Amino acid sequence: MELEKVGVAGCGLMGHGIAQASAEAGYEVVVSEVSQEALDKGIGKIEKQLAKGVEKGKVDQADADAVLGRIQGTLDTGDFADCDLVIEAVTEDLPTKLELWKELDGIVKEDACFATNTSSLPVAEQAAATGRPGRFLGLHFFNPVQRMPLLEVIEADDTETGTMEVGVGFGESLGKTVVETKDKPGFIVNRLLVPYLLDGIRGYEEGIGSVEEIDIAMKAGAGHPMGPLTLCDVVGLDTLASIAGVMYEAFGESRFEAPATLQKLVADGHYGVKSGRGFYDYSGDAPVAVDPGS
Ligand code: CAA
């Protein structure tokens, strides 16, 4: 199947990156949000990234303009009707995703493929909410989408071989390193990464180091590009808590349970980079570690 037009539902942390990466690969993109404010914020992030690219001499102004010209922002899901592939990147909440898929199934042309960018929720359950489970798969991107090379392509029980081929081809056309995997909670990366991040928080709670010391140690001692607590903030503490909840329910193992500090930060509305505060405060020029208990 030849893909020309890609729909992205959600223009938040992941959605704006997926929309940008798709437009950079030459696709016509329609990206939706639930409010004009959220849409403007997401499109604004894409404009900022493109302007940075021009400033650094990585892309010329005409190409950046062309990328932006291929992205149509909308508040109307009706604009997805003629998309060949629709990827959802809405809140990590199953009822929200199921409601969206039911709506889109009645709008988008029948031969289009649907993909969820879920981090941990079952792909099969979402596929079953549509009349096209054979053309439904998982496409799991990593944050920041514009930079991270990996795309997990997830096969659910009913995903047809041709649909997996569409997903793999799409990922390769975006220049991603594609790994095919199965519909198991957390897939490959989060199965390994989430317990590590949660252990970073538990270590902090147990006093093995300060927020900064834990991050410095893993960067200098294990060669990671960022420490675990910074990475928690980048992933989004609300998203991390919700992934932990799904994985704890699935595996019943304490290593997947959200630590008290994570639960408190989320309850206090501190979601990390996206809300301006998590394990660090992002209101100044450089992030400053804060006591998560305060
Ligand atoms: N959006 C877009 N581009 C970004 C960006 C962002 N938020 N942050 C950084 N970049 C770009 C910069 O513009 C820069 O681009 P150029 O090379 O073209 O100039 C490039 O990334 C490098 O940036 P920096 O030099 O400022 O910083 P860095 O070298 O430390 O790299 C990083 C930044 C790529 C984010 C790196 O720190 C890293 O790889 N961190 C780990 C990120 C990670 O593990 N992500 C996965 C999270 S898990 C997930 O997403 C899945 C899930 O389901 C939870």
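Please read all numbers here as calculations on a predicted model, not as lab measurements. Sequence order sets the numbering: in each chain, residues are counted from 1 along the sequence as written. Reporting of local features is limited, given that this is a predicted model, to residues whose pLDDT is at least 70; pairs of side-chain atoms are given and counted only at 80 or more, and all residues count toward the totals for whole chains, interfaces and linings. To get the side-chain values, all heavy atoms of the structure are used, and hydrogens and water are removed first.

1. Some details on the pattern of salt bridges
Salt bridges are identified by distance alone: a Lys or Arg side-chain nitrogen within 4 Å of an Asp or Glu carboxyl oxygen. Under the criterion given, the structure shown has 10 salt bridges. Where Lys97 meets Glu92, a salt bridge forms, and the shortest distance between an N and an O atom there is 3.3 Å. Comparing Lys97 with Glu92, the two get one shared label, buried. In the salt-bridge network here, residues are joined through shared partners; they are Glu88, Glu92 and Lys97. Exposure is judged per residue with a 1.4 Å probe applied to protein chains only, and the accessible area is read against the type maximum: over 50% gives exposed, under 20% gives buried, and values in between give partly exposed.

2. Comments concerning the pairing of strand S7 (residues 150-155)
Numbering of helices and strands runs from the N terminus; a helix is a DSSP stretch of H or I covering at least four residues, while a strand is a stretch of E covering at least two. Taking burial as the measure, the six residues of S7 include five buried ones, the bulk of the element. Any two strands with at least two DSSP-identified bridges between them are counted as paired. In this sheet, S7 lies alongside strand S6 (residues 136-141) in antiparallel orientation, the contact comprising four bridges. Across the sheet, the residue bridging to His140 is Glu152, located in S7. Note: S7 against strand S8 (residues 177-182), six bridges, orientation parallel. Bridging from a neighbouring strand, Val153 pairs with Glu180 of S8. In this view, the connection linking S7 to its parallel neighbour S8 by way of helix H6 (residues 161-173) has right-handed handedness. Here is how to tell: hold the view so the strands point away, follow the path from the first strand over the helix to the second, and if it runs clockwise the crossover is right-handed.

3. A closer look at the domain arrangement of the protein chain
A domain assignment, automatic or from a database, supplies the domain bounds used here. You can read the domains of the protein chain as domain 1 (5-182) and domain 2 (193-288). Distance from the C-alpha centre of domain 1 to the C-alpha centre of domain 2: 26 Å. Contact definition: two residues touch when any of their heavy atoms are within 4.5 Å. Tallying the contact residues gives seven residues for domain 1 and eight residues for domain 2. At the boundary of domain 1 with domain 2, total buried surface from both sides reaches about 570 Å², with 63% on carbon and sulfur atoms. Once two parts are joined, some of their accessible surface, as seen by a 1.4 Å probe, is lost; buried area is that loss totalled over both.

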